[in-house]
Amino acid sequence: MFLLAILAACNDNTLVVDGAEAGVGTDSAGTDEALDATWDNARLVIEAPLSGAFLPMEEESAFTAVVMGSDGTVLDFPGITWSSDVDIDWALTGAAAIDGQLGVGIHAITAEALLPNGDRLAYTVGGVLKQSVYAGVYVGALSVTADVDYGGTPISVGCSGALTMIVDAMGETATGDAGCLLSLLGYDIDTVYDFALDNDAGALSGEAAIDLSFYSLPVATEGTLTEAGELEGTFGADVAGYVTLDANYTATRITRDLSTVE
């Protein structure tokens, strides 16, 4: 027995069970149970983004999730994976990640964790909107002034009406329409304006097609669009050499949700 004890003391090989050295008499089952107990009844929570969050297309965004023990303490678990129900090619790994590659759309974002005890946890936040800071539905007003030289007598009349503008999810185009009733020389003219504009980092340029019932013409227009959701512009037109039109328009974003107009 003395010889066996000496041989055991000189043996450099050890048995590692769940990261701990196990010698003669070690209860490995108890070690497993202790490890599993750490993760029992754990839960996964996404801290960012929150449900309904807006993620600007032009910026990177934070994706953060934590695994919490049954007592509410945060457990160190970096192996969290992320996915989207819309952008199936998008994926992230990590408890705290920064990403700007999520595709444009309204997403349900899911975080998953496969715990050491074999439990798989998942947590989903919905309505996460990824699109341009400029995108959305804008409403406002168009004001038009018409000047006419009638037999040497200058006449000036005006009208105003509602305007609606849609800036696409990529923030590249703004399209919309407006209209107002212009009373000119005894006639009530129902004027209609259709806008097709390009947006270059807040600088708008394009065309306002004017329909005066008896006469139609395209005119160039330009304006500005802010990240805060304010739009404005101006244009002018000469109608057959008889009427000069000057117009300005303003609008404010009422929603970022473009699904309301689809």
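Cut-off values and rules
Residues numbered from 1 in each chain as written. Predicted model: local features only at pLDDT ≥ 70, side-chain atom pairs only at ≥ 80, totals over all residues. Heavy atoms only, no water. Helix = DSSP H or I, 4+ residues; strand = E, 2+ residues; numbered from the N terminus. Buried < 20%, exposed > 50% of the residue type's maximum accessible area, 1.4 Å probe, protein only. Contact = heavy atoms within 4.5 Å. Areas by Shrake-Rupley, 256 points an atom, 1.4 Å probe, with all protein chains shown as cover. 1 Å grid on protein atoms, 1.4 Å probe; cavity = no way out; pocket = protein on both sides within 12 Å on 5 of 7 lines; lining within 4 Å. Points joined across faces, edges and corners; volume = space filled by probe spheres on them. Nonpolar A, V, L, I, M, F, W, Y, C, P; charged D, E, K, R; others polar. Pairing = 2+ DSSP bridges. pLDDT = per-residue confidence, 0-100. Salt bridge = Lys/Arg side-chain N within 4 Å of Asp/Glu carboxyl O. Core = buried A, V, L, I, M, F, W, Y, C linked by side-chain atoms within 4.5 Å.

Draft legend 1. Layout of the overall build of the chain. The number of helices and strands found in the chain is two helices and 19 strands. Each of the 262 residues in the chain was classed as buried or not, and the buried ones make up 37%. The long-range share in the chain, meaning contacts at least 24 apart out of those at least 6 apart in sequence, stands at 50%. Surface summary for the chain: the accessible area is close to 14400 Å², and the carbon and sulfur share equals 53%.

Draft legend 2. Representation of the layout of surface pockets within the structure. Its volume calculated, the largest pocket comes out at about 270 Å³. Forming the boundary of the largest pocket are 15 residues, of which Leu184, Leu185, Ile189, Phe214 and Val243 lie nearest the centre. Breaking the lining of the largest pocket down by element, the ones donating at least two residues are strand S12 (136-150), strand S14 (173-184), strand S15 (187-200) and strand S19 (243-255). If one sorts the elements of the lining of the largest pocket by residue count, S12 sits on top with three residues. Its residues placed into classes, the lining of the largest pocket shows 14 nonpolar, no polar and one charged.

Draft legend 3. How the structure looks around the pairing of S12. As paired elements, S12 and strand S13 (residues 153-167) share 15 bridges and run antiparallel to each other. Bridging from a neighbouring strand, Val144 pairs with Cys159 of S13. Linking S12 to S13, which pair antiparallel, is a turn of two residues; within it Gly151 sits at a positive phi near 60 degrees.

Draft legend 4. Structural view of the confidence of the model for the chain. Confidence along the chain averages 86 in pLDDT terms, with 86% of residues attaining 70 or more. Strand S1 (residues 15-17) is the least confidently modelled element of the chain, averaging 23 in pLDDT, while strand S4 (residues 54-56) averages 98, the highest of any element.

Draft legend 5. Region of interest: the pattern of salt bridges. In total, this model carries one salt bridge according to the counting rule given. Its salt-bridge partner being Arg120, residue Glu112 comes within 3.7 Å of it at the nearest N-O pair.

Draft legend 6. Fine view of the environment of Glu59. Position of Glu59 relative to the elements: it lies in the loop between S4 and strand S5 (61-68). Distance from Glu59 to Gln131, taken between C-alpha atoms, is 10.0 Å for residues 72 residues apart in sequence.

Draft legend 7. Representation of the nonpolar core. In terms of nonpolar packing, the biggest core is built from 36 residues, with Leu142, Met165, Phe195, Ile210, Phe235, Leu245 and Tyr249 touching the most fellow members. Put simply, the parts of the chain that give this core at least two residues each are S12, S13, S14, S15, strand S16 (203-211), strand S17 (216-225), strand S18 (230-239) and S19. Residues in contact with Leu142, not counting those within four places in the same chain, are Cys159, Ser160, Gly161, Leu163, Ala178, Tyr193, Phe195, Phe235, Ala247, Asn248 and Tyr249. Core analysis: the second largest hydrophobic core is formed by 23 residues, Ala42, Ile46, Trp90 and Leu92 among them.

Draft legend 8. Representation of the sheet that holds strand S10 (residues 105-114) within the structure. Taken in spatial order, the five strands of this open sheet run S4-S11-S10-S7-S8, and their pairing is mixed. Each end of this open sheet is capped by a strand with a single partner; those strands are S4 and strand S8 (92-93). Pairing of S10 with strand S11 (residues 120-131) involves nine bridges; the strand directions are antiparallel. Note that in S11 the partner of Gly105 across the bridge is Lys130.

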